[in-house]
Amino acid sequence: MGDLTVQLEQQIQHAYATKTPLKIRGGNTKASLGRETSGEAMDMADHSGVISYSATELVVRARAGTKISLLNDLLAEQHQRLPFEPPSFAGEATIGGTVAANQTGASRPWFGGVKDSLLGLGLINGYGEVMQFGGQVMKNVAGFDVTRLQCGAMGSLGLITDVSIKVLPEFKAGHTLTFDMTIEAALEAMLKWANLSLPITGMSHFKGLLYVRLQGGAGGVASASTFLGGEKLASKAAEIFWQAIREGSFLQPRHDQTLWRWSGASDTLANTVPNTSLINWAGAERWVLTEALDTPLEGLVQYQGGDRLAEVYGAISAPQQALQQRIKHAFDPHGILNAGRLYAWM
Amino acid sequence: MNSLLNAPNKPPHEGVIDVSTFVSALQKILPVGAVILSKEGQRPFECDGLTVYQQLPLVTAMPETVDQVQAILRLSHLHGVPLVPRGAGTGLCAGAMPHAEGLLLVLTKLNQIVHVNHKTCTATVQPGVRNLALTEAVAPFGLYYAPDPSSQIACTIGGNVAENSGGVHCLKYGLTVNNLLQVTMVTIEGEIMTLGGAGLDEPGMDLLSLMVGSEGLLGVVVEAKVKLLPRAPRVQVLVAAYDTVTAAGDAVAALIGQGIIPAGLEMMDHLAISAAEDFVKVGYPTDAQALLICELDGTDAEVEEQLLLVCECFKQHGAHHIRIAKDAAEAAALWQGRKAAFPAVGRISPDYYCMDGTIPRSQVGYVLTRISELSQFYGLRVANVFHAGDGNLHPLILFDASIDGELEQAELLGGDILTLCVDVGGTITGEHGVGLEKMPQMPYQFGDAELAQFRRLKAAFDSEELLNPGKGIPTLKYCQEYRSLQHG
Ligand SMILES: Cc1cc2nc3c(=O)[nH]c(=O)nc-3n(C[C@H](O)[C@H](O)[C@H](O)COP(=O)(O)OP(=O)(O)OC[C@H]3O[C@@H](n4cnc5c(N)ncnc54)[C@H](O)[C@@H]3O)c2cc1C
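Residues numbered from 1 in each chain as written. Chains lettered and ligands numbered in written order. Predicted model: local features only at pLDDT ≥ 70, side-chain atom pairs only at ≥ 80, totals over all residues. Heavy atoms only, no water.

Student: Please clarify how unusual backbone geometry should be interpreted in this entry.
Tutor: Glycine aside, residues mostly have negative phi, and peptide bonds are mostly found in the trans state. All names here are of chain A. A positive phi is found at Asn-102, a non-glycine position, where the angle reads about 55°. Phi is positive for Ser-197, which is not a glycine, with a value near 55°. If you trace the backbone, Ser-197 turns up in the loop between helix H7 (183-194) and strand S11 (200-206). Given a relative accessible area of 17%, Ser-197 falls into the buried group. (Helix = DSSP H or I, 4+ residues; strand = E, 2+ residues; numbered from the N terminus. Buried < 20%, exposed > 50% of the residue type's maximum accessible area, 1.4 Å probe, protein only.)

Student: Please explain the environment of Asp180(A) as it appears in this structure.
Tutor: All names here are of chain A. Relative to the assigned elements, Asp-180 resides in strand S10 (residues 173-180). Exposure remark for Asp-180: the relative accessible area of 71% places this residue in the exposed category. For the pair formed by Asp-180 and His-205, sequence separation is 25 residues and the distance between their alpha carbons is 9.7 Å. What Asp-180 contacts, discounting residues up to four positions off in sequence, is Gly-208 and Leu-209. (Contact = heavy atoms within 4.5 Å.)

Student: Explanation requested: the sheet that holds strand S3 (residues 50-54) of chain A in the structure shown.
Tutor: Residues and elements named next belong to chain A. Strands sit in the order S3-S4-S8-S6-S7 across an open sheet of five strands; the sheet is antiparallel. The open sheet has two edge strands with one neighbour each: S3 and strand S7 (130-134). Strand after strand, the sheet turns through a mean of 10° between neighbouring axes, direction not considered. As judged from the five bridges shared by strand S4 (residues 59-63) and strand S8 (residues 159-166), these two strands associate in the antiparallel manner. Bridge assignment links Val-60 to a residue of S8, and that residue is Ile-165. (Pairing = 2+ DSSP bridges. Axes fitted to C-alpha atoms, helices over the stretch in contact; angles between N-to-C directions.)

Student: How should the domain arrangement of chain A be read in this particular structure?
Tutor: Note: interface size is frequently given as the accessible area lost on complex formation between the parts. Residue and element names in this part refer to chain A. Partitioning chain A into structural domains gives domain 1 (5-169) and domain 2 (171-311). Placing a centre on the C-alpha atoms of domain 1 and another on those of domain 2 gives a separation of 26 Å. Listed per partner, the contact involves 22 residues of domain 1 and 19 residues of domain 2. Regarding the contact of domain 1 and domain 2, the summed buried area is about 1700 Å², with carbon and sulfur atoms giving 53% of it. Between domain 1 and domain 2 we count one salt bridge in total. We note a salt bridge from Glu-85 to Arg-213, for which the minimum N-O separation is 2.8 Å. Inspection of the domain 1/domain 2 interface yields eleven residue pairs in polar contact (both at pLDDT 80 or more). Considering every element that reaches the side of domain 1 that touches domain 2, the biggest residue donor is helix H4 (residues 108-111), with four residues. Across the side of domain 1 that touches domain 2, the residue classes tally to ten nonpolar, seven polar and five charged. (Domains from an automatic or database assignment. Buried area = accessible area lost by both parts, 1.4 Å probe. Salt bridge = Lys/Arg side-chain N within 4 Å of Asp/Glu carboxyl O. Polar contact = N/O pair within 3.5 Å; in protein donor to acceptor, adjacent residues only side chain to side chain. Nonpolar A, V, L, I, M, F, W, Y, C, P; charged D, E, K, R; others polar.)

Student: What am I meant to see in the nonpolar core here?
Tutor: Within soluble globular proteins, side chains that are nonpolar tend to cluster in buried spots. One finds Ile327(A), Tyr242(B) and Phe314(B) to be the most contacted residues of the largest nonpolar core, which totals 167 residues. It is helix H14 (residues 406-423) of chain B that contributes the most residues to this core, eight residues altogether. Those residues in contact with Ile327(A) that lie beyond four places of it in its chain are Leu149(A), Leu157(A), Met205(B), Leu207(B), Leu457(B), Ala460(B) and Phe461(B). Ala275(B), Ala276(B), Leu291(B) and Ala341(B) belong to the second largest nonpolar core, which has 30 residues in total. (Core = buried A, V, L, I, M, F, W, Y, C linked by side-chain atoms within 4.5 Å.)

Student: Where do I start with the environment of Glu302(B) in this structure?
Tutor: By the secondary structure assignment, Glu302(B) is in helix H10 (residues 300-316). For Glu302(B), a relative accessible area of 16% corresponds to the buried category. Residues Glu302(B) and Arg234(B), spaced 68 residues apart in sequence, show a C-alpha to C-alpha distance of 9.0 Å. Those residues within four positions of Glu302(B) in sequence are excluded, and the remaining contacts are Pro199(A) and Gly220(A).

Student: Looking at this structure, how should I read the packing of helix H8 (residues 218-228) of chain A against H10(B)?
Tutor: The description of two helices packed together rests on the angle between their axes and the distance between the axes. Interaxial distance between H8(A) and H10(B) falls to 7 Å at its minimum, and their mutual angle equals 170°. It follows from the interaxial angle that H8(A) and H10(B) lie roughly antiparallel. Between H8(A) and H10(B), the residues in contact are Ala218(A), Gly219(A), Gly220(A) and Ser223(A) and Ala301(B), Glu302(B) and Glu305(B), respectively. Its residues assigned to classes, the contact of H8(A) with H10(B) comprises two nonpolar, three polar and two charged. (Parallel < 35°, antiparallel > 145°, perpendicular 65-115°, else oblique.)

Student: Sorry, what's going on with the pattern of salt bridges here?
Tutor: Oppositely charged side chains are able to pair whenever their charged atoms sit close together. This model, assessed by the stated rule, comprises 28 salt bridges over all chains. A salt bridge links Arg246(A) to Glu247(A); its shortest N-O distance comes to 3.2 Å. We note a salt bridge from Lys328(A) to Asp332(A), for which the minimum N-O separation is 2.7 Å. Several salt bridges share partner residues, and in doing so they unite Arg108(A), Asp116(A) and Asp201(B) into one network.

Student: So what exactly am I meant to see when it comes to empty space enclosed by the protein here?
Tutor: If a probe as big as a water molecule is rolled over the atoms, it shows which places are left empty. Under the definition given, this model contains three cavities of 30 Å³ or more. The space that makes up the largest cavity amounts to roughly 260 Å³. Along the wall of the largest cavity there are 23 residues; nearest its centre are Gly134(A), Asn140(A), Val141(A), Asp145(A) and Arg148(A). Those elements giving two or more residues to the lining of the largest cavity turn out to be strand S6 (118-124), S7 and helix H6 (146-149) of chain A. The element best represented in the lining of the largest cavity is H6(A), accounting for three residues. Among the residues making up the lining of the largest cavity, the classes are represented as 13 nonpolar, seven polar and three charged. Taken as a whole, the second largest cavity holds about 50 Å³ of empty space. Forming the boundary of the second largest cavity are Val141(A), Gly143(A), Phe144(A), Gly213(B), Ser214(B), Glu215(B), Leu217(B), Val434(B), Gly472(B) and Ile473(B). For the lining of the second largest cavity, the residue count by class is five nonpolar, four polar and one charged. (1 Å grid on protein atoms, 1.4 Å probe; cavity = no way out; pocket = protein on both sides within 12 Å on 5 of 7 lines; lining within 4 Å. Points joined across faces, edges and corners; volume = space filled by probe spheres on them.)

Student: What's the story with the interface of chain A and chain B in this structure? I'm lost.
Tutor: Between chain A and chain B, the contact holds 67 residues from the first and 79 residues from the second. Of the roughly 5900 Å² buried between chain A and chain B, counting both surfaces, carbon and sulfur atoms make up 59%. On the chain A side of the interface with chain B, the three residues burying the most area are Lys139(A), Val141(A) and Phe144(A), jointly 16% of the side's total. Where chain A meets chain B, there are four salt bridges. Here Arg456(B) makes a salt bridge to Glu129(A), at a shortest N to O gap of 3.7 Å.

Student: Please explain the packing of aromatic side chains as it appears in this structure.
Tutor: The geometry of an aromatic ring pair is captured by the separation of the ring centres together with the interplanar angle, meaning the angle of the planes. Here the structure, examined in full by the defined rule, presents 15 aromatic pairs over all chains. Measuring from ring centre to ring centre gives 3.5 Å for Tyr211(A) and Phe241(A), while their planes differ by 10°; the resulting arrangement is stacked. One end of the pair, Tyr211(A), is in strand S12 (residues 209-216); the other, Phe241(A), is in helix H9 (residues 235-247), with 30 residues separating them in the sequence. The same class applies to Tyr211(A) as to Phe241(A), namely buried. When the ring of Phe377(B) is compared with that of Tyr378(B), the centres are 5.0 Å apart and the planes differ by 85°; the resulting orientation is edge-to-face. For Phe377(B), a relative accessible area of 66% translates into the label exposed. Since its relative accessible area comes to 14%, Tyr378(B) is described here as buried. One aromatic cluster in this structure is built from Phe206(A), Tyr211(A), Phe241(A), Trp242(A) and Phe250(A). The ring centre of Trp242(A) lies 4.7 Å from the NZ or CZ of Arg213(A), which sits over that ring. (Phe/Tyr/Trp six-rings, centres within 6.5 Å; stacked < 30°, edge-to-face > 60°. Lys NZ or Arg CZ within 6 Å of the ring centre and 35° of its normal.)

Here it is as C-alpha cells:
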C-alpha cells in the first residue's frame with residue numbers, strides 16, 4: 001500500500017523506449033472481460049490508499065489500486081456511499097479497474113454510471129508522462145474531458161493512477177418489492193413506473209419475478225411502497241438479491257457457455273432480445289446466457305466466455321474505427337498499453 | 001477584440017485561401033439567403049454573449065439540413081478554411097466568436113424536435129432547438145429537460161452540448177453530460193459519426209463524454225438524444241436571508257454535508273440581491289448580505305421530510321428570515337429574481353463581466369472575502385451570484401468599457417479571481433467554457449504534459465486545426481508567450 005507513481009512512471013517510460021507491451025492489472029477480477037491479451041504485467045494492487053476524503057465536500061480521492069470494498073467501508077463510517085454501486089468481486093475489485101471497465105450497479109438509470117460520479121483522475125500516458133485531469137470540484141469544463149473518456153477504455157489510453165469521485169449520502173430507508181410477472185409484463189410495468197418520479201433505485205427481472213427497490217427518506221419510501229403494492233421482500237433476502245445483481249453472480253458462465261450483454265432503449269420489446277435470462281436497469285440492460293461457444297448474437301456484446309480473441313465488443317463504423325485509432329495513438333503512440341484488450345485493431 | 005491581454009493568440013491559418021472559389025462553391029451548396037457576405041448581414045454574429053470580443057467572419061452560412069452541414073465541412077476542409085460553429089451565440093467565453101479568415105456556421109435553422117419518446121423519457125433533437133423550447137414541447141407528457149441554463153430561453157441544445165452547460169437544477173440532476181445518451185456529429189472531413197447509443201452504457205471509450213464540452217473544436221453536433229425527467233409531483237421553493245456571505249456559505253456546506261441534496265441551491269450577495277429586487281420586484285430582503293434560494297422536489301412525503309431539515313439547518317447557521325413559497329406562482333417569482341440576476345446587474349452598470357470559477361464548497365467564505373479585497377484593489381464593484389450547492393461562482397465584475405483602461409482592469413481582476421479558484425483547488429470554468437476568453441488561464445490550471453495531450457487529442461479529430469481554431473486549447477507557442485508575458 002502506498003504511492004508507487006514514480007515506479008509506474010519509470011516502468012511505462014522503459015516500456016515506451018523498448019516498445020514493450022504492458023498488461024495492466026488491478027485486483028485481477030476483470031480478466032474475463034474484454035479481449036485476451038499478453039504483455040508484461042503491470043500490477044496496480046499495491047498502488048493503493050485513500051489520498052483524501054472530505055465527507056462535507058462529498059468527494060473521495062484514492063489511488064487506483066484501492067479496493068472498492070475498502071472505499072465502501074470508509075464511506076459507510078460517514079453514512080455515505082458510491083453513487084454508482086460498483087461490484088466489489090469478493091472484495092478484490094479496485095477503483096481503477098472499475099473506472100476502466102465502466103462497472104455500474106443496479107442504480108444506473110437513477111444515480112448514473114461511473115462517468116456521472118467521476119470528477120477527475122491521474123493518468124500516465126503511453127509516453128510515460130504523469131498527468132492530472134478534472135479535479136475534486138463538482139463542475140469543471142476546462143480542457144477536453146479526458147477524465148470521462150477513460151470510462152470503458154479498458155486501460156487502452158493510459159494507466160489510471162488515482163481517481164476523484166463524488167459520493168452521496170446513504171439512504172435513510174429502503175426496501176424491495178417483488179411482483180410475479182412475465183418478462184413482457186415486467187417491461188411494461190418498469191416503463192410505467194420509471195415515469196412517475198418515485199424513489200426507485202433498482203428494477204430487475206429474474207426468473208419470473210420483478211424486483212423493485214425503493215430507497216430514500218422513510219416517508220417517501222413508505223408512500224411509494226403503498227402506491228406500488230406487490231410483495232415486500234425480507235430485508236436479508238433483498239440484500240442478497242441486489243448483491244447478486246451487482247456482482248453478476250446470477251449468471252456466471254460455465255467454461256462451455258457465453259454470457260452476452262445487450263444495451264438499448266428500455267421500451268425495446270422482449271422478443272428483440274430472445275432468451276433473455278435477466279433484465280436490469282429497468283429494461284435498458286439485458287443478459288443472455290448461451291450454451292454454444294462461437295455464435296455471435298447480433299448487436300450483443302460477448303461479455304464473458306466464448307472466444308476471447310474474437311472482437312468481443314463487435315464492429316464499429318470504419319470512420320469511427322480510424323478515429324479511435326488516432327485517439328489511441330495520441331495517448332499511446334507505440335501501442336504498449338493494454339494493446340488489443342478493447343479491439344484487435346487497437 | 002478590444003483588449004490586448006489576448007494578443008499572443010494569432011490564428012494558426014495564415015496561408016492564402018482562394019476566397020472567391022470557396023464562396024461560389026458554398027453558394028452552390030446552400031439556398032439563396034443562406035450565405036451571408038455583407039458586413040451589415042454578419043454584424044449580428046460578430047460576438048457571443050461576451051460582447052467585448054468581436055470579429056466579423058469571412059462568410060456566414062446558415063444550413064437547414066444535415067446534408068448541407070456535411071457539404072460545408074467538406075468544402076472548408078478542402079479549401080483549408082477555418083470554421084466556427086455557432087448556436088444562439090449566448091456563450092460567455094467568446095467561444096462562438098467568428099474567425100476573420102473563416103466561415104461561421106450558424107446552426108439555428110436546424111431546429112426540429114425529431115422525436116419525443118415519453119415512454120423511455122428521451123427526446124431526439126437537432127442542435128438549433130432552444131433549451132426551453134424542448135422543455136415546453138415535452139411538458140404535455142409531464143416531462144422536462146433538466147439542465148436549465150439561465151439563458152434557456154435562447155441558448156441551443158447544440159451550444160449546451162458544446163459547453164457542457166448547467167443550470168440551477170444541476171446540483172441534483174447534473175450537467176448536460178449527465179443528461180445525454182447520444183450525439184450525432186459531423187467531422188471536419190464531413191463524415192457522420194454517432195457517439196453513445198440508445199442504451200445507458202455502450203462498450204468502449206466514452207467518446208460521447210469527450211464530445212461534451214469540446215467547444216466546437218472536435219466536430220459539429222447535428223443531433224442529440226437527451227434524457228428527460230418526470231416532473232416531480234411536488235416542488236417547494238424557499239429563500240433564507242443571512243447577515244454575512246460566510247454564514248450563508250457555511251449553511252450550504254452544512255446542508256450538503258448532512259446529506260441533503262436539494263434540486264437547486266443558489267446564493268446571491270447584497271449587490272446582486274438589490275439589483276435583482278430593483279429589476280423584478282419579487283420581495284427579496286434587500287437588507288440581507290446573502291440570500292439562499294433552495295428548491296426541494298419529490299413526492300409530498302419526501303418534500304415534507306426535507307423541508308423540516310432544511311429550515312432547521314438554515315436557522316442553525318444564522319438565517320434571520322426564511323420565506324417558504326406558498327404556491328407555484330410565488331415559487332416562480334422567487335426564482336425569477338435569480339434567473340434575471342445577470343440582466344439586473346446589467347442595469348446598474350454600463351458593462352459587466354461574468355466569471356465562472358468553481359471551488360470546493362468549504363472555500364466559499366474565504367474566496368468571497370478575497371474577491372471583495374480584489375474588488376477594492378482594482379476599484380471595480382463585484383456582484384456575486386452563484387450555484388452555491390456546486391461551489392460554482394459567478395462573480396460579475398461591473399465596469400464601463402467607455403472609460404479608457406477599465407476593460408483591461410476588469411480582465412485583470414477576472415484573471416486574478418480565476419487563478420484564485422485554481423489556488424484553492426478549483427477550476428477556471430465550471431460551465432461557461434474556455435473559448436477565447438480563458439486561454440490565458442489554461443497554462444495556469446494545466447501543465448505542459450496535459451496541454452500537449454489535449455493538442456494531440458485535438459489533432460486526432462482535426463489535424464489541420466480548422467475547427468474553431470485559436471480557442472479552448474492553447475498552442476505550445478501561446479503558452480510560452482503567455483508565460484514570458486507573465487514573468488517579463
Ligand atoms: C444571461 C446568460 C445567462 C447564462 N446562464 C448560464 C447558466 O446558467 N449555465 C450555463 O452553463 N451557461 C449559461 N450561459 C452561457 C450560455 O448560455 C451557454 O454556454 C449556452 O450553452 C450556449 O449556447 P448557444 O446556443 O448560445 O451557443 P453559442 O454561444 O452559439 O456557442 C457556444 C460554443 O459552442 C459551439 N457550438 C455551438 N453549437 C455547436 C454545435 N452544434 N456543434 C459544435 N459546437 C457548437 C460554439 O462554437 C461555441 O464554442 C448564460 C449566458 C447568458 C448570456
